[in-house]
Amino acid sequence: MINLIVACGKNRVIGNRGRLPWSIQEDWDYFMKTTQNGTMIMGRTCYQEFAPHSKNRDVIALTRDPHFQYPLAKTANSLKEAISLASRNTIWICGGEALYQEAFPIASRLYLTLIDGDFVGDVHFPAWEEIFTEVISHKNVKLPEFALQFLILEKTNNL
Ligand SMILES: NC(=O)c1ccc[n+]([C@@H]2O[C@H](COP(=O)([O-])OP(=O)(O)OC[C@H]3O[C@@H](n4cnc5c(N)ncnc54)[C@H](OP(=O)(O)O)[C@@H]3O)[C@@H](O)[C@H]2O)c1
């Protein structure tokens, strides 16, 4: 099964200058726990941020540069190649923007954390609302700083 996982602000911002625009422990813990037994596929910029956490995980970093090598990740030059290298049953597409867009047609589920705030950023999550229309699970968490919605969404009839 191929799933997308993302946290995004009200204005769709997901990243700024190669980093997450926020530090929200609850969402980070959720992300790490949800993805822990799957294969994680991510773009090079995401991987550069995630690298310190990739120990004991199956991580595939995407790059079109055939010379990139990372000590704690496999590399692939296309999404198709990355999927063929996955060693776990569940694949988590972890961003960024272009990779999410590319994976929309092949993903079964979207694990979406909606953060009730607008953020300054240079990377956005593509419009998902008309694709992932079925709410499988919905949990609200109120933090002192933000309200979070943890959503699991599917496509209608899972097309
Ligand atoms: N909030 C969240 O849940 C979340 C999730 C993910 C990312 N982010 C944020 O988003 C930002 C990073 O995302 P981004 O969109 O800027 O970059 P990115 O997707 O992490 O990296 C882009 C690079 O990945 C490689 N790549 C992407 N798709 C590929 C494909 N199909 N085939 C081969 N290589 C491919 C290319 O590397 P080369 O240039 O080496 O060829 C491309 O330049 C960071 O700020 C991060 O914190 C946030």
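The rules behind each value
- Residues numbered from 1 in each chain as written.
- Predicted model: local features only at pLDDT ≥ 70, side-chain atom pairs only at ≥ 80, totals over all residues.
- Heavy atoms only, no water.
- Near = heavy atom within 4 Å.
- Areas by Shrake-Rupley, 256 points an atom, 1.4 Å probe, with all protein chains shown as cover.
- 1 Å grid on protein atoms, 1.4 Å probe; cavity = no way out; pocket = protein on both sides within 12 Å on 5 of 7 lines; lining within 4 Å.
- Sits in = over half its atoms within 2 Å of the grid points.
- Helix = DSSP H or I, 4+ residues; strand = E, 2+ residues; numbered from the N terminus.
- Pairing = 2+ DSSP bridges.
- Axes fitted to C-alpha atoms, helices over the stretch in contact; angles between N-to-C directions.
- Contact = heavy atoms within 4.5 Å.

Caption draft 1: Broad picture of the site of the ligand. Taken together, 27 residues sit near the ligand, with Ala7, Arg44, Cys46, Glu49 and Thr63 positioned nearest. Taking 930 Å² as the accessible area of the ligand by itself, protein coverage stands at 84%. Cavity membership is defined here by more than half of the atoms lying within 2 Å of grid points; on that basis the ligand lies in the largest pocket. Elements represented by at least two residues in the shell around the ligand include exactly β1 (2-9), β2 (13-15), α2 (44-50) and α4 (97-103).

Caption draft 2: Summary view of the sheet that holds strand β6 (residues 91-93). Within the open sheet, the 8 strands sit side by side as β5-β4-β3-β6-β1-β7-β10-β9. Their pairing is mixed. Of all strands in the sheet, those with a lone pairing partner are β5 (74-76) and β9 (134-142), marking the two edges. Between one strand axis and the next, the sheet turns by 20° as a mean value, whatever way the strands run. Bridging between β9 and strand β10 (residues 147-154) involves 8 bridges; their strand directions are antiparallel. Residue Val135 lies in a different strand from β10, and its bridge partner there is Leu153. Contacts between helix α1 (residues 25-35) and the sheet are confined to β1, β3 (39-43), β6, β7 (109-115) and β10, with β10 contributing the most and set at about 25° to the helix.

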